[in-house]
Amino acid sequence: MKLLKDILFGVGLTAVSGSTNVLMNNLCFDSRNVGLDDVFVAIKGTLMDGHDYIGKAIDAGAIGILCEKMPEQLVNGVTYVEVDNGNRALAIMASNFYGNPSRNLKLVGITGTNGKTTVSSLLYQLFKKAGFKVGLISTIKIMVDEQEYATSHTTPDALTINKHLRLMNEEGVEYCFMEVSSHGIHQKRTEGLVFEGAVFTNLTHDHLDYHKTFAEYRDTKKSLFDNLSKKAFALTNVDDKNGLVMLQNTKARKYTYALRSYADYRAQILENQFDGQLLKINGDELWTKLIGHFNAYNILAIYATADVLGLEKLETLRLLSGLENVDGRFQYYISKDKITAIVDYAHTPDALKNVLETIGTLRTGNENVITVVGCGGDRDKSKRPVMGNIASQMSDRAIFTSDNPRSESPSVIIEEMEVGVEPQNVKKVLSIENRKQAIKTACQMAMAKDIILIAGKGHESYQETKGKRVDFDDFKIVREVLKSMDK
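Residues numbered from 1 in each chain as written. Predicted model: local features only at pLDDT ≥ 70, side-chain atom pairs only at ≥ 80, totals over all residues. Heavy atoms only, no water.

**Q** Can you help me understand the pattern of salt bridges in this one?
**A** Where side chains of opposite charge bring their charged atoms close, a pairing between them can arise. For the coordinates displayed, the defined rule picks out 17 salt bridges. In this structure, Glu170 and Arg166 form a salt bridge, with 3.4 Å as the shortest nitrogen-oxygen distance. One end of the pair is Glu170 and the other is Arg166, both in helix α5 (residues 158-170) and 4 residues apart, which spans about a single turn. Taking relative accessible area as the criterion, Glu170 reaches 53% and is therefore assigned exposed. A salt bridge links Glu315 to Arg318; its shortest N-O distance comes to 2.9 Å. Taken together, the residues span about one helical turn, with Glu315 and Arg318 both in helix α10 (residues 313-321) at a distance of 3 residues. Through salt bridges that share partners, Lys381, Arg384, Glu408 and Glu416 make up one connected network. (Salt bridge = Lys/Arg side-chain N within 4 Å of Asp/Glu carboxyl O. Helix = DSSP H or I, 4+ residues; strand = E, 2+ residues; numbered from the N terminus. Buried < 20%, exposed > 50% of the residue type's maximum accessible area, 1.4 Å probe, protein only.)

Okay, structure coming up:
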């Protein structure tokens, strides 16, 4: 058990009722998890307000309540602490509760619209191959050296982050690479963490349903760099027009990377094929299994990060050449009939365009490109017609289908994608609401040497509709369909 006053260290308090010199058992922000002598943090969410569950938490045995507004009636024997921002307070308390674990390893945050998962996951792979004990906090999973844990958010809640960082401390982990989303930053989940450095990949159209304006989205990402210490490093992609913006107010050591601009770390694509690409990075050649110019940026960011962290350059190049692609990121399968199916997480206009451009550089022109794509429900609606336009314009055939409809009607989402299709491309588009049937149809339409792109869900192993999740794996489905056709 720990003293509440110790867990509150660094939290700005506006009012206190009761004693903070009390022993507490656990820290919770979900009233369903509260037990005897726990402290409940009431968080105002987008759908629910934790303040409505304070009574339930006390009934379950909470000894302390942290809130943004004191309840009208206070219960004797319960300590109430009022703060300005419950999310920020929770993050700092979580860090204190688990012994400030980020201070005991080198934590590197990777942020941007696209590339976060690939860069963080491959940095984990690279440093593991270099002989270090490494941690990973990503969209796909959390890794504590060799032990894998499931995750459901790009940036988990503050308790989950610090709990696993503490486990990393216990396992002797030296480096941890962490995806840092704009949602995570805005909701203060990373407050209280000490970052060794931060990496910016790019910034494109996404999450405007949440942030409302692009400027707000950009500035939220920028705040990660603003809060870095002088001892930390800040690495940014200066080919992106927002790259230098990230460095404007940071106190950290500044580094840049680019394919087109002058930068500390530069790369050039010498060859690009389906089985990999040849790059020249700061004068040294590197063959990588990851293809496409977007992966050239990812590889360059990984190389630069490793160099800044002190890995030997030639050893880094050697290890980079052996890295495997991340699940759901340009993951491909070639059937006996020479039909190539590519599964990619591309769920933003820029990511979809990047993948289709990469396919365009690899094709001979004699084959068809068939794109299966949808847009997620309860997310930024403004990108739907844009993605519909890109898919129909850059493909020989496009099939619009469901992604994760969530609470929305799949047919309405598809109709909003269809709005973006230009008149000359209408005949190229087919709409099939059932995603599995859409994938099957694409396979049936394909001839030898054709290319099928299944975009949007990537690594996800589920489909969410009306609050229910069912097993669904794009790669498994397309592989099974093509194998059955081979027979």
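**Q** What is the right way to look at the sheet that holds strand β17 (residues 276-281) in this model?
**A** Through backbone hydrogen bonds, the strands of a sheet pair up, either in parallel or in antiparallel fashion. Pairing is mixed in the open sheet, where 11 strands are placed in the order β11-β10-β9-β12-β8-β13-β14-β15-β16-β17-β18. With partners counted over all chains shown, the strands left at the sheet margins are β11 (147-149) and β18 (284-288), one partner each. For this sheet, the mean inter-axis angle between neighbouring strands, taken without regard to orientation, is 20°. As paired strands, strand β8 (residues 106-111) and strand β12 (residues 175-179) are joined by 5 bridges and run parallel to one another. Bridge pairing in β12 links Ile110 to Glu179. (Pairing = 2+ DSSP bridges. Axes fitted to C-alpha atoms, helices over the stretch in contact; angles between N-to-C directions.)

**Q** Honestly, α5 in this entry has me stumped. Any pointers?
**A** Every α-helix winds through 3.6 residues per turn, so residues three or four apart in the chain are directed the same way. Along its 13 residues, α5 runs 18 Å from first to last C-alpha, staying within 8% of the 18 Å computed at 1.5 Å per residue. Along α5, the residues that are buried comprise Ala158, Leu159, Ile161, Asn162, His164, Leu165 and Met168. In this structure Asp157 caps α5, since a side-chain oxygen of it lies 3.0 Å from the backbone nitrogen of Leu159. (Expected span 1.5 Å × (residues − 1). Polar contact = N/O pair within 3.5 Å; in protein donor to acceptor, adjacent residues only side chain to side chain.)

**Q** So what exactly am I meant to see when it comes to the environment of Glu196 here?
**A** Within the secondary structure, Glu196 sits in the loop between α6 (182-186) and β13 (197-200). Here Glu196 falls in the partly exposed class, since its relative accessible area comes to 25%. Taking the C-alpha atoms as reference, Glu196 lies 9.9 Å from Lys230; in sequence the two are 34 residues apart. Apart from the residues within four sequence positions on either side, Glu196 is in contact with Lys106, Leu107, Val108, Ala232, Phe233 and Leu309. (Contact = heavy atoms within 4.5 Å.)

**Q** Any chance you could explain the packing of helix α12 (residues 383-394) against helix α13 (residues 410-418) here in plain terms?
**A** When two helices pack together, you describe them by how their axes are tilted relative to each other and by the distance separating the axes. Packing of α12 against α13 leaves a shortest axis separation of 6 Å and a crossing angle of 60°. Relative to α13, α12 is oriented oblique. The chirality of how α12 crosses α13 is right-handed. Side by side, α12 and α13 meet where Arg384, Pro385 and Gly388 of the first sit next to Ile413, Glu416 and Met417 of the second. When the residues that make up the contact of α12 with α13 are grouped by side-chain class, the tally is 3 nonpolar, 1 polar and 2 charged. (Parallel < 35°, antiparallel > 145°, perpendicular 65-115°, else oblique. Left-handed = near helix turned anticlockwise from the far one by under 90°. Nonpolar A, V, L, I, M, F, W, Y, C, P; charged D, E, K, R; others polar.)

**Q** How do you make sense of helix α15 (residues 474-486) when you look at a structure like this?
**A** The terminal C-alpha atoms of α15 lie 18 Å apart, and with 13 residues this matches the ideal 18 Å at 1.5 Å per residue to within 8%. If you check which residues of α15 are buried, you get Asp474, Phe475, Ile477, Val478, Val481 and Leu482. Considered in projection along α15, the buried side chains sweep an arc of 165° and stay on one side of the axis. On its buried side, α15 packs onto β19 (331-334), β20 (340-344), α14 (435-445) and β24 (451-455). By the N-cap criterion, in which a side-chain oxygen at the helix start approaches the backbone nitrogen of a residue two or three places on, α15 is capped by Asp473, the distance to Phe475 being 3.0 Å. (Arc of directions from axis to C-beta.)

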